[in-house]
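Understanding the architecture of this molecule
Each chain, letter by letter, is given below.
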Amino acid sequence: MTCTASAPGKAILFGEHFVVHGVRAILGAINRRVVVTSSIMDEPVICIRSSLGNCRHGMDEPVRDPRLRPVDYLAKRTTSASPHVEGLCIDIHSEIPAGVGLGSSSATCVATAASLSGLSGMYNKDAICSMAIDAERTIFEDTSGADCTACTYGGLIQYGRDSGFERVPLRGDLELVISDSGVTHSTDTLVRRVAVFADEHPDAFGSMCRRESALINSVLQCLRENDLDSLGDAMRENQTYLCRLGISNDTLDEMITISDSICRGSKITGAGGGGCIIAVARGPANDAARLLGEKGLDSFAVRIDRAGLKTDIPHISP
Ligand code: MEV
């Protein structure tokens, strides 16, 4: 028996890092997916095949490659909850570059949780999202849960650690331009770096959180009015806060300068320290990506994916 599920990656438009400290973020699922197929095996082993690496081990053995820990966690959780499942084989195919802030890890957790749930005919998006967040915590303990939520429910959302998520209505398609520095980062390390900043500068950090919150309220208004110029300006402003938090570097600053010269506004998306920047183009996002490519940036256009998680099992979604 097999079950296939797929989940989109994500891009954070506003509020990364601040969301870990209770501020809302605005983020969207993007039209690049991870597809996961899970099969039941008749021997007690866990087998994972992915572009990050392959492994095959017994139920009581830990997984060696830490990048495969979330998938191993989900597999073991499934076998211990389902006595009829001896072992599992999980195949992962990703269109999302890993470790650059586009949600490849969260999309993998969501699609894996869904495909494993599907083996027992279950499909409950809230339960899948919560399993995926638990899995992500095996590599990044203090995740806000924003990324897995966007990858599960799709569309553009605002998300708060305490308030959960709410859809942000979109007038038409929102296209964005992503430029990839090609430098992978550790979200966990960068989130810890910001926590140190928050501890050492509580007043400055508190005031930045309040400014980020106000910025997010104004961005919600820009999105309602499809005011792309103001959206670009808000990205430029948000980038100054991210620089202050210490998650930018020379490479990213240089990329932002190039991107700002062509687009309405740009900023880091995700944890920073490497990874990607995001921009609001002046015209079609594909044209901006081509112009940025001519200036040496590895750029591509993305659209907001409205579907979120998909599976091949018949279900009534909640
Ligand atoms: C990482 O994509 C986003 C962060 O805000 C961490 C989190 O929200 O869990 C840096």
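That block above? That's the structure.
Some thoughts on the nonpolar core
Ranked by size, the top nonpolar core spans 95 residues in total, and within it L13, F14, F18, I26, L156, L174 and L176 carry the most contacts. Ranked by residue count, the leading element in this core is helix α6 (residues 202–225), at nine residues. Apart from the residues within four sequence positions on either side, L13 is in contact with I26, L27, G28, L156, L174, L176, M235, N238, K267 and I278.

Some details on the sheet that holds strand β11 (residues 298–303)
Across the sheet, four strands lie side by side as β9-β10-β8-β11; this open sheet has antiparallel pairing. Of all strands in the sheet, those bounded by a partner on one side alone are β9 (265–269) and β11. Across the sheet, the mean angle from the axis of one strand to that of its neighbour is 30 degrees, orientation sign disregarded. Direction of pairing for β9 relative to strand β10 (residues 276–280): antiparallel, over a ladder of five bridges. Residue pairing in the sheet places T269 in a bridge with C276 of β10.

Considerations on helix α5 (residues 187–200)
Taking 1.5 Å of rise per residue, 14 residues should cover 20 Å, and α5 covers 20 Å from first to last C-alpha, within 8% of that figure. Where α5 is concerned, the buried positions are D188, L190, V191, V194, F197 and A198. At its buried positions, α5 is contacted by α6 and α7 (228–245).

Describing the packing of aromatic side chains
In this structure the tally under the stated criterion is three aromatic pairs. The interplanar angle of 25 degrees and the centroid separation of 4.4 Å between the aromatic rings of Y153 and F165 together place this pair among those described as stacked. Taken as a pair, Y153 in helix α4 (residues 146–153) and F165 in strand β7 (residues 164–167) lie far apart in primary sequence, twelve residues in all. Classification of F165 as partly exposed rests on a relative accessible area of 31%. Pairing F197 with F205 gives two aromatic rings, centres 6.3 Å apart and planes at 75 degrees, and the pair type is edge-to-face. Look at F205 and you get buried, because its relative accessible area is 6%. Following the ring pairs from residue to residue traces out a cluster consisting of F18, F197 and F205. Sitting over the ring of F300, R32 keeps its end group 4.2 Å from the ring centre.

The rules behind each value
Residues numbered from 1 in each chain as written. Predicted model: local features only at pLDDT ≥ 70, side-chain atom pairs only at ≥ 80, totals over all residues. Heavy atoms only, no water. Core = buried A, V, L, I, M, F, W, Y, C linked by side-chain atoms within 4.5 Å. Buried < 20%, exposed > 50% of the residue type's maximum accessible area, 1.4 Å probe, protein only. Helix = DSSP H or I, 4+ residues; strand = E, 2+ residues; numbered from the N terminus. Contact = heavy atoms within 4.5 Å. Pairing = 2+ DSSP bridges. Axes fitted to C-alpha atoms, helices over the stretch in contact; angles between N-to-C directions. Expected span 1.5 Å × (residues − 1). Phe/Tyr/Trp six-rings, centres within 6.5 Å; stacked < 30°, edge-to-face > 60°. Lys NZ or Arg CZ within 6 Å of the ring centre and 35° of its normal.

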